[in-house]
Amino acid sequence: RTLQKLGWDVKVVQDAGLDDAEEAIGRFAESVAGSGDACLFAFIGHGAEVSGSVFLVPRDAKFRGEYRETSDLEKHVSRKCIR
């Protein structure tokens, strides 16, 4: 609310699954592309770092128990999360 009071255009997306989160991030990226304006993207939730890449973990990401190889985890995270 504070940013809105300061004149910022604020969009809130709550409890987004992978599809909704990707769509919202895409809309955000399009809205600020080439604008030259200051922008802020805040993600409050879970994240993961796998082999040096950082991922946002959406609400509907499911992880099974153990991964025998790092490559197995990388493949799973790449399909279920947002880089």
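Look above for the structure.
A short tour of the structure in this document, coming up.

What counts as what
- Residues numbered from 1 in each chain as written.
- Predicted model: local features only at pLDDT ≥ 70, side-chain atom pairs only at ≥ 80, totals over all residues.
- Heavy atoms only, no water.
- Patch = residues over 30% accessible without salt bridge, like charges linked within 9 Å, V, L, I, M, F, W, Y side chains within 5 Å.
- Areas by Shrake-Rupley, 256 points an atom, 1.4 Å probe, with all protein chains shown as cover.
- Salt bridge = Lys/Arg side-chain N within 4 Å of Asp/Glu carboxyl O.
- Helix = DSSP H or I, 4+ residues; strand = E, 2+ residues; numbered from the N terminus.
- Buried < 20%, exposed > 50% of the residue type's maximum accessible area, 1.4 Å probe, protein only.
- Lys, Arg positive; Asp, Glu negative; His and termini not counted.
- Charge placed at Lys NZ, Arg CZ, Asp CG, Glu CD.
- Core = buried A, V, L, I, M, F, W, Y, C linked by side-chain atoms within 4.5 Å.
- Contact = heavy atoms within 4.5 Å.
- Pairing = 2+ DSSP bridges.

1. What to know about a nonpolar patch on the surface
Move 1: A cluster of nonpolar residues, Leu-3, Leu-6, Trp-8, Val-10, Val-12 and Leu-40, forms a patch on the protein surface that exposes about 560 Å² of accessible area.
Move 2: For Leu-40, the location among the structural elements is in the loop between helix 2 (18-32) and strand 1 (46-50).
Move 3: Accessibility expressed as a relative area gives 52% for Leu-40, which makes it exposed.

2. As for a positive patch on the surface
Move 1: There is a patch of like positive charges on the surface, built from Arg-59, Lys-62, Lys-75, Arg-79 and Lys-80.
Move 2: Within the secondary structure layout, Arg-59 lies in the loop between strand 2 (53-57) and helix 3 (70-80).

3. Some remarks on the nonpolar core
Move 1: Counting 6 residues, the largest nonpolar core is built from Val-50, Phe-55, Val-57, Ala-61, Val-77 and Cys-81.
Move 2: With residues near it in sequence (within four places) discarded, Cys-81 still touches Leu-18, Phe-55, Leu-56, Val-57, Pro-58, Ala-61 and Phe-63.

4. Details of the pairing of strand 2
Move 1: Of the two faces of strand 2, the one lined by Ser-53, Phe-55 and Val-57 is fully buried and the one lined by Val-54 and Leu-56 carries no buried residue.
Move 2: Following strand 1, the chain reverses through 2 residues before pairing antiparallel with strand 2; Ser-51 in that reversal takes a positive phi of roughly 50°.

5. Looking at the pattern of salt bridges
Move 1: In the structure shown here, the tally under the stated rule is 2 salt bridges.
Move 2: Between Lys-11 and Asp-9 there is a salt bridge, with the nearest N and O atoms lying 3.0 Å from each other.
Move 3: Overall, Lys-11 belongs to the exposed group, its relative accessible area being 67%.
Move 4: Here Asp-9 falls in the exposed class, since its relative accessible area comes to 64%.
Move 5: With a closest N to O distance of 2.8 Å, Arg-27 and Glu-23 form a salt bridge.

Everything listed is a geometric property; what it means functionally is a separate question.
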